[in-house]
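Each chain, written out:
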Amino acid sequence: LALSTSTLLRLLKARSLPVLPKLIDAILSFLTEASKSQSTDSSVQSQTRLVQVSMLRALTASAQNLPQFLIPHLDKSLSPDVLPSFSVEDTDLGGALAEKVPSRQLLPAVGRALKKCTKISEFLVLLNLTKASVEHTSRSEIGAVKGNVLNTVSYIHLPLPTNRSALHMFSAQTLHN
């Protein structure tokens, strides 16, 4: 079922609405557990990765086809337990969120997620998401989100309990592009 969920979401679109909340909760629950998995068995890791990619594709399909119904789940989608899944190669969940979810709704969720992050990799995912969201925001709408963008950038430059230099270099490079 996990392998065909994204196809079903793409085909059914609005007809999938009755099951979408339960489906998204199940996907986010799995992604949370997958990020916590400590298995050293390579077959378990490969199976987990296969299901993780399938779940991410389903979440991406939801973001692409029914983004307005993903908005209530943004805080859970951007939690530190789910963020490691954003770096899985075969999906572009961050790109789909940045393109389809209005920045006036996505960027406040990113700001709340930043306050929960403890790893530089999590900050980088959120900074990339902020950058992509701003790039997809029209000029007329950018004024409404400038406060969120400034808060994100200023929050990233606060002292972190881990090595900050990589994050500062990345954020400086991102801001100049």
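The structure this text deals with has already been given above.
Cut-offs used in this document
Residues numbered from 1 in each chain as written. Predicted model: local features only at pLDDT ≥ 70, side-chain atom pairs only at ≥ 80, totals over all residues. Heavy atoms only, no water. Core = buried A, V, L, I, M, F, W, Y, C linked by side-chain atoms within 4.5 Å. Buried < 20%, exposed > 50% of the residue type's maximum accessible area, 1.4 Å probe, protein only. Helix = DSSP H or I, 4+ residues; strand = E, 2+ residues; numbered from the N terminus. Contact = heavy atoms within 4.5 Å.

Undergrad: Tell me about the nonpolar core, and please be specific about residues and values.
TA: By size, the foremost hydrophobic cluster in this structure holds 37 residues, and its most contacted members are L59, L78, F86, L97, L106 and L126. Of all the elements in the fold, those that place two or more residues in this core are α2 (20–36), α3 (42–65), α5 (93–100), α6 (103–114) and α7 (120–135). The element best represented in this core is α3, accounting for seven residues. In this structure, L97 is in contact with A63, L70, L74, F86, L106 and L129, ignoring residues within four places of it in sequence.

Undergrad: Please give an account of α5 that cites residues and values.
TA: Side chains of residues three or four places apart in an α-helix project in the same direction, reflecting 3.6 residues per turn. Counted residue by residue, α5 has six buried out of eight residues, so it is predominantly covered. Taken as a whole, α5 has its buried residues at L93, G94, G95, A96, L97 and A98. On its buried face, α5 is in contact with α3, α4 (74–77), α6 and α7.

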